2 protein chains.
Amino acid sequence: MTDAPANLRSITVTAFGGLPEIEEGADLASLIGDALEASGLGAAEGDILVVTSKIVSKAEGRRVAAADREDAITAETVRVVATRTHPGGVTRIVENRQGLVQAAAGVDASNTPDGTVLLLPVDPDASARALAEGLRARFGVRVGVLLSDTLGRAWREGQTDLAIGAAGVRVTDDLRGTTDSFGHELMVTQSAIADELASAADLVKGKASGMPVALVRGYAEAVTETLDTPARALTRTGPTDMFRLGTDEALAEGYAAGYAAGLAATRPE
Amino acid sequence: MTDAPANLRSITVTAFGGLPEIEEGADLASLIGDALEASGLGAAEGDILVVTSKIVSKAEGRRVAAADREDAITAETVRVVATRTHPGGVTRIVENRQGLVQAAAGVDASNTPDGTVLLLPVDPDASARALAEGLRARFGVRVGVLLSDTLGRAWREGQTDLAIGAAGVRVTDDLRGTTDSFGHELMVTQSAIADELASAADLVKGKASGMPVALVRGYAEAVTETLDTPARALTRTGPTDMFRLGTDEALAEGYAAGYAAGLAATRPE
């Protein structure tokens, strides 16, 4: 931790302005580096940059024409988890190509011109890696990069920012095997620190602030030499997922299977 | 934001030592106030204290004898959402008395002597209110208090800290009606800032650090005059919850109902 007496442990999370509107093909590492220098922050050993995935999508040309946002969502969907009809339309919770379970597959129709939508980066971990490489080369220090997106949660109101891409930042703090002061193993085994960093950064970045990047300083313990620290490891999907299908969907699927079996059981030989 | 040039927006998150092992009946507001003073941090207008709920539970005498941790979980459970058997035992995801959906109902067997477990505070919002009242009276400034706990998530590996109690801190940043630079309404409507603050605090508090409280400085915009800002508002449970029952449980329930209906459909009049 930086500049802290022995009984304090401190991080500083700072959003900075100075980035232009991002166009397709923009060299985002250079632009972020310029803004870091112009702001006076610079980059120090162990800094973590949290970059809103939206500007990465723009730089990577992921803004696509979409007469219909719903069609764009369908195209990005690997698997439908749950749907809910409400007065404003239909909410679809789906697993997308990035392995994320989220509403609308991460397709964003805000902050884009009419008739277009913004898709998530194809490979957010690779995008983070490219940014980290560029920033490490420029500043000559070991920095880490996270890409953030805003996701809803089961059982909680509101959304939080989470890490959908990572390079040079440990995504979990593995406490398995750690014992408490009574010698018992800790129940909590893995803190998802990359998600906590993304959430912390959202507090200063905000959603409409013109500050899409934040710098976390003082958490060098999470910054690694290797850039191979994928946030994809934080996704949990597939047959072992206890919530792989919404409750209504599973009830209906179970009912249909049960009904067929009930009919078959009483059918004459 | 504090001490920041116009193009910077910054918060500082600081965990501090100096708290004794918390015993039942401890005056936690006094002890936290003492530690704030001893650390040199003090308390400033708009500061937010994030307090690990575990020490609140200890002060409130929520450490109970439990020959069997499973029995304690059952007692705290309002509703079972999902269960999963694995080599290490059975994981129960349940809704508890606080409206939280979490593993083991928030019953904690770590950092407690053998034969005892620690339950969550009965009313975490009331606990937060008492702490905020005490700290506001002592320091004569408007501070907010969050109580944090560590929860797993659907579809994500690892756990993050979230706010289970709040007083004097807006728990969401309501962006409904906000428009982007193209005049469209923002898709994200409510940032769960109390959860993001709790996550940020966990980065410095850690799990075994002996620093169960963190101070967030520079986010006064979220601190309110009223202490009536319950984190309970962040819980989403009940019949409209799309994930009110685990997938396997819903499949089985649907199957049983369907099977009975299939049998009945073919039963002779």
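Procedures and definitions
- Residues numbered from 1 in each chain as written.
- Chains lettered and ligands numbered in written order.
- Predicted model: local features only at pLDDT ≥ 70, side-chain atom pairs only at ≥ 80, totals over all residues.
- Heavy atoms only, no water.
- Least-squares fit on C-alpha atoms with pLDDT ≥ 70 in both.
- Contact = heavy atoms within 4.5 Å.
- Pairing = 2+ DSSP bridges.
- Helix = DSSP H or I, 4+ residues; strand = E, 2+ residues; numbered from the N terminus.
- Axes fitted to C-alpha atoms, helices over the stretch in contact; angles between N-to-C directions.
- Salt bridge = Lys/Arg side-chain N within 4 Å of Asp/Glu carboxyl O.
- Buried < 20%, exposed > 50% of the residue type's maximum accessible area, 1.4 Å probe, protein only.
- 1 Å grid on protein atoms, 1.4 Å probe; cavity = no way out; pocket = protein on both sides within 12 Å on 5 of 7 lines; lining within 4 Å.
- Points joined across faces, edges and corners; volume = space filled by probe spheres on them.
- Nonpolar A, V, L, I, M, F, W, Y, C, P; charged D, E, K, R; others polar.
- Phe/Tyr/Trp six-rings, centres within 6.5 Å; stacked < 30°, edge-to-face > 60°.
- Buried area = accessible area lost by both parts, 1.4 Å probe.
- Polar contact = N/O pair within 3.5 Å; in protein donor to acceptor, adjacent residues only side chain to side chain.

The name given to chain A in an unreviewed UniProt entry is Coenzyme F420-0:L-glutamate ligase, with Herbiconiux oxytropis as the source organism.

Q: What is the right way to look at the relation of the copies chain B and chain A in this model?
A: Between the two chain copies there is a screw-like relation: a rotation about an axis and a shift along it. When chain B is fitted onto chain A, the two copies agree to an RMSD of 0.0 Å after a turn of 180° and an axial shift of 0.0 Å. In symmetry terms, the pair is related by a two-fold rotation axis. Interface overlap between copies: 100% of the residues of chain B at the interface are likewise at the interface in chain A, consistent with a symmetric, same-surface contact.

Q: Would you mind going over the sheet that holds strand E6 (residues 101-103) of chain A with me for this structure?
A: In a beta sheet, neighbouring strands pair by backbone hydrogen bonds and run either parallel or antiparallel. Residue and element names in this part refer to chain A. Across the sheet, 3 strands lie side by side as E4-E5-E6; this open sheet has antiparallel pairing. The strands lining the two open edges of the sheet, one partner per strand, are strand E4 (77-86) and E6. Here the average twist between neighbouring strands, direction ignored, is 20°. Across 8 bridges, E4 lies against strand E5 (residues 89-96) in antiparallel orientation. Each bridged residue has a counterpart across the sheet, and for Ala82 the counterpart in E5 is Ile93.

Q: Explain the pattern of salt bridges to me, please; I cannot follow it from the model alone.
A: Side chains carrying opposite charge are able to pair once their charged atoms draw close together. For the structure shown, the criterion picks out 38 salt bridges over all chains. Across the pair Arg62 of chain A and Glu76 of chain A runs a salt bridge whose closest N-O atoms are separated by 3.7 Å. Taken together, the residues Arg62 of chain A in the loop between helix H2 (53-59) and strand E3 (63-65) and Glu76 of chain A in helix H3 (residues 69-76) connect sequence positions 14 residues apart. Taking the shortest distance from any N to any O, the salt bridge between Arg236 of chain A and Glu157 of chain B comes out at 4.0 Å. A residue pair is termed interchain when its members come from two chains, as with Arg236 of chain A in the loop between strand E12 (213-217) and helix H6 (247-266) and Glu157 of chain B in strand E9 (residues 156-167). Taking the relative accessible area as the measure of exposure, Glu157 of chain B reaches 26% and is therefore partly exposed. Connected through shared salt-bridge partners, Asp34, Glu37 and Arg138 of chain A make up one network.

Q: What am I meant to see in empty space enclosed by the protein here?
A: Unfilled space is identified by rolling a water-sized probe across the atoms. Throughout the structure, instances matching the rule amount to 2 cavities of 30 Å³ or more. Reported here for the largest cavity is a volume of approximately 280 Å³. In this structure, the largest cavity is lined by 21 residues; those nearest its centre are Arg153 and Ala154 of chain A together with Gly152, Arg153 and Ala154 of chain B. Sorting the residues of the lining of the largest cavity by element identifies strand E8 (144-153) and strand E9 (156-167) of chain A together with strand E8 (144-153), E9 and helix H5 (193-205) of chain B as the ones contributing at least two each. Split into classes, the residues belonging to the lining of the largest cavity amount to 10 nonpolar, 6 polar and 5 charged. The space that makes up the second largest cavity amounts to roughly 30 Å³.

Q: How do you make sense of the sheet that holds strand E5 (residues 89-96) of chain B when you look at a structure like this?
A: Residues and elements named next belong to chain B. Sheet architecture is open: 3 strands sit in the order E4-E5-E6, paired in antiparallel fashion. In this open sheet, the two strands that pair with only one neighbour each are strand E4 (77-86) and strand E6 (101-103). Taken over all neighbouring pairs, the strand axes of this sheet differ in orientation by 20° on average, direction set aside. In the sheet, E5 pairs with E6 via 3 bridges, with the strands oriented antiparallel. For Glu95, the partnering residue across the bridge sits in E6 and is Val101.

Q: I would appreciate a short explanation of the packing of aromatic side chains in the present structure.
A: Pairs of aromatic rings are described using the distance from one ring centre to the other and the angle between the two planes. Residues and elements named next belong to chain A. In this structure the tally under the stated criterion is 4 aromatic pairs over all chains. Ring geometry for Tyr255 versus Tyr259: centroids 6.1 Å apart, planes at 20°, classification stacked. Linking Tyr255 with Tyr259, this pair stays in helix H6, spanning 4 residues, or about one helical turn. For Tyr259, a relative accessible area of 30% puts it in the partly exposed group.

Q: How should I be thinking about the environment of Gln159 of chain A in this particular structure?
A: Along the chain, Gln159 of chain A turns up in strand E9. By relative accessible area, Gln159 of chain A is classed as buried at 17%.

Q: Hey, could you run me through the interface of chain B and chain A in this one?
A: Where interface size is quoted, it is often the accessible area lost as the parts come together. Listed by partner, the interface residues are 96 residues for chain B and 96 residues for chain A. Surface buried jointly by chain B and chain A totals about 8,600 Å² across both partners, of which 58% is contributed by carbon and sulfur atoms. Inspection of the chain B/chain A interface yields 8 salt bridges. Summed over the shared surface of chain B and chain A, the number is 48 residue pairs in polar contact (both at pLDDT 80 or more). Those elements giving two or more residues to the side of chain B that touches chain A turn out to be strand E1 (8-16), E4, E8, E9, strand E11 (190-191), H5 and helix H6 (247-266) of chain B. The greatest single-element share of the side of chain B that touches chain A, amounting to 15 residues, is contributed by H6 of chain B. Along the lines of polarity and charge, the residues of the side of chain B that touches chain A split into 46 nonpolar, 29 polar and 21 charged. Pairing geometry for strand E1 (residues 8-16) of chain A and E1 of chain B, over 9 bridges, is antiparallel.

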